[in-house]
Amino acid sequence: MNIKKLTVREFARAVKLGHGRAILHVLHHGDKGMEKIIEQALLKSYVYDWQIEGSRAGWLMCLLQATGRLAFYVRKFLNQHSSDSYGGADLAQQILLAGRLFEIGFSELRSTVLEKYTKLLVLSPFHAGCGSEIVDMAGNSGLEFVARSIGEQVPEPDAFDCAFILERANDLCGNSDGEELLRRLAESEPAVQKFLDAAASLKNSSNLPSAPRPVIENFQEILDLIDKRAHAPEAITYVAMGRRINDEVAASCFKLLLASDDTWVQLVCLRLLGSRKLPDVTPYVIELLESEDKLVASACFHALRNKKDSRIREVAVRWLQSEDQVRISRTIRLLECNFISGDEEIFFEKLPLLKDDDLLPSAGIPTEDWLPFVSRDVGLKLLFWFYENGPDSWCRSNFFEKLVELEACPDELIYESQWDCAERTQNLARCLLAKKEGFISKC
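Residues numbered from 1 in each chain as written. Predicted model: local features only at pLDDT ≥ 70, side-chain atom pairs only at ≥ 80, totals over all residues. Heavy atoms only, no water.

Here's the deal with the layout of surface pockets
- In this structure, the largest pocket occupies an estimated 890 Å³ of space.
- Along the walls of the largest pocket sit 40 residues, with E53, G54, S55, R56 and R100 positioned nearest its centre.
- Looking at the lining of the largest pocket, the elements with two or more residues in it are α4 (50-53), α5 (57-67), α7 (88-103), α9 (131-153), α10 (159-173), α25 (393-405) and α27 (423-437).
- By residue number, the principal contributor to the lining of the largest pocket is α27, which donates five residues.
- A breakdown of the residues in the lining of the largest pocket according to their chemical character gives 17 nonpolar, eleven polar and twelve charged. (1 Å grid on protein atoms, 1.4 Å probe; cavity = no way out; pocket = protein on both sides within 12 Å on 5 of 7 lines; lining within 4 Å. Points joined across faces, edges and corners; volume = space filled by probe spheres on them. Helix = DSSP H or I, 4+ residues; strand = E, 2+ residues; numbered from the N terminus. Nonpolar A, V, L, I, M, F, W, Y, C, P; charged D, E, K, R; others polar.)

If you want it as structure tokens, here you go:
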């Protein structure tokens with residue numbers, strides 16, 4: 001197959017998004033002129049949503065191996081890794097990548113990983129699970145370092161991370177020597193005991209039957225929270241609570257919303273009602289879509305996006321004529337229940353205006369819902385556009401699957417997707433090619 005040679009700009013974009021064409025370019029055309037882009041990708045995480053997508057360390061290893069210049073890039077990595085400009089996700093990726101490089105012989109990376117891990121726990125304890133790489137590198141001594149570091153640096157260690165790291169140590173050694181080592185250390189080291197307690201809490205909680213949280217039947221409970229100004233306004237606490245209120249409390253929340261001009265009250269009521277359809281759409285609620293308070297406007301948008309109403313459509317159509325990225329993105333969601341044939345043409349014209357990566361996944365979600373109402377050509381244009389431009393590799397997998405389902409995915413795209421950063425996309429592409437050609441191409 002003829003593999004396109006990418007320009008520097010195209011290559012940088014492919015690396016940032018995790019497209020397989022980046023690896024194919026290096027395999028067939030080399031990495032000359034692309035070194036800086038690759039070096040930056042080793043140090044900077046381009047993952048949009050770590051929880052859903054996971055790390056790209058494995059994909060980056062494929063990219064490095066394709067260059068045939070591993071030692072060159074490891075030297076660059078070691079020379080540049082100590083910058084203070086890296087965030088938690090960057091450090092987590094660097095640790096996971098260094099762990100893979102260590103496994104194939106770059107032993108000098110061990111001290112680098114230890115240094116990065118202590119920084120990571122301060123910046124982003126959410127990524128503490130990366131400590132499993134240190135266990136892989138150093139066995140029980142690595143486990144001791146990780147347990148002590150987590151206990152000292154993390155105020156409330158995550159139970160899952162601690163249990164995962166401990167289990168990794170037990171699996172590595174084939175017994176519970178690591179756990180026994182930590183128990184002995186814990187007798188004199190509170191930090192290690194803190195780690196063990198966190199790991200044990202997951203095991204204990206997993207043995208308990210899950211009990212549903214009680215339904216909120218008393219509206220006074222809501223009023224008390226509002227009076228206390230409880231919880232940060234941007235938190236999801238009220239959204240989760242909204243799933244537990246009964247219909248009577250929901251009706252009282254809606255009445256309170258209509259009667260109040262206090263932005264805090266508006267925000268709380270909209271958050272509570274956001275997980276269910278609003279009882280009614282009044283002119284006042286429509287006005288809140290354009291509230292000067294951005295949090296209120298956002299909460300109102302979430303509360304109305306699943307509601308069919310001509311007035312919501314009027315706002316959406318007006319927003320679609322604007323140049324405002326947030327409004328264009330929200331318009332697409334508001335039209336999910338208020339779509340009329342022809343909307344997609346205006347929408348497609350506006351897509352290039354969405355430069356903010358945080359807005360693209362939200363804009364892309366409704367496209368599958370639109371497909372039955374638009375022509376095949378327009379539907380495919382939308383799917384291809386989001387496949388090419390979306391920052392989220394998980395969503396890209398969905399678009400890829402839909403293109404395959406519609407029998408509209410070119411062979412070149414299927415071939416390239418074997419090297420996509422998303423494992424789900426890789427597996428589907430390889431399965432399709434195995435059926436077509438009787439072979440599976442591997443990285």
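Description of the packing of aromatic side chains
- All chains considered together, the criterion is met by seven aromatic pairs.
- Ring centres of Y117 and F145 lie 6.4 Å apart, and the angle between their planes is 50°; on these two criteria the pair is classed as tilted. Of the two residues, Y117 is situated in helix α8 (residues 109-123) and F145 in helix α9; the sequence distance between them amounts to 28 residues.
- Measuring from ring centre to ring centre gives 6.4 Å for Y387 and F400, while their planes differ by 40°; the resulting arrangement is tilted. Taken together, the positions of Y387 in helix α24 (residues 376-389) and F400 in helix α25 put the pair 13 residues apart, joining distant regions of the chain. We note that Y387, like F400, is buried. (Phe/Tyr/Trp six-rings, centres within 6.5 Å; stacked < 30°, edge-to-face > 60°. Buried < 20%, exposed > 50% of the residue type's maximum accessible area, 1.4 Å probe, protein only.)

A word on the environment of G58
- The topology assignment puts G58 in helix α5.
- On a C-alpha basis, the gap between G58 and C421 in space is 8.2 Å, while along the polypeptide they are 363 residues apart.

Here we look at the side chain of T425
- Structurally, T425 can be placed in helix α27.
- Setting aside its immediate chain neighbours within four residues, T425 contacts S397, F400, S417 and D420. (Contact = heavy atoms within 4.5 Å.)

Overview of the nonpolar core
- Grouped together as the largest cluster of nonpolar side chains are 98 residues, with contacts concentrated most on F11, L63, L101, Y117, I150 and L182.
- Setting aside chain neighbours within four positions, we find Y117 in contact with I95, A128, C130, G131, I134, F145, V146, S149, I150 and I165.
- Core analysis: the next-biggest nonpolar cluster, separate from the first, contains 40 residues, F219, L270, L273 and L304 among them. (Core = buried A, V, L, I, M, F, W, Y, C linked by side-chain atoms within 4.5 Å.)

A look at the pattern of salt bridges
- The full count for this structure, using the stated rule, is 19 salt bridges.
- Residue R21 is joined to E416 by a salt bridge in which the shortest nitrogen-to-oxygen separation is 3.0 Å. Highlighted residues: R21 in helix α2 (residues 20-29) and E416 in helix α26 (residues 411-416), separated in sequence by 395 residues.
- Classification of E416 by relative accessible area gives buried; the value is 10%.
- Notably, a salt bridge pairs E35 with R69, separated by 2.9 Å at the nearest N-O pair. With a gap of 34 residues between them, E35 in helix α3 (residues 35-43) and R69 in the loop between α5 and α6 (70-80) connect regions that are remote in the sequence.
- One connected set of salt bridges, linked through shared partners, spans R21, E388 and E416. (Salt bridge = Lys/Arg side-chain N within 4 Å of Asp/Glu carboxyl O.)

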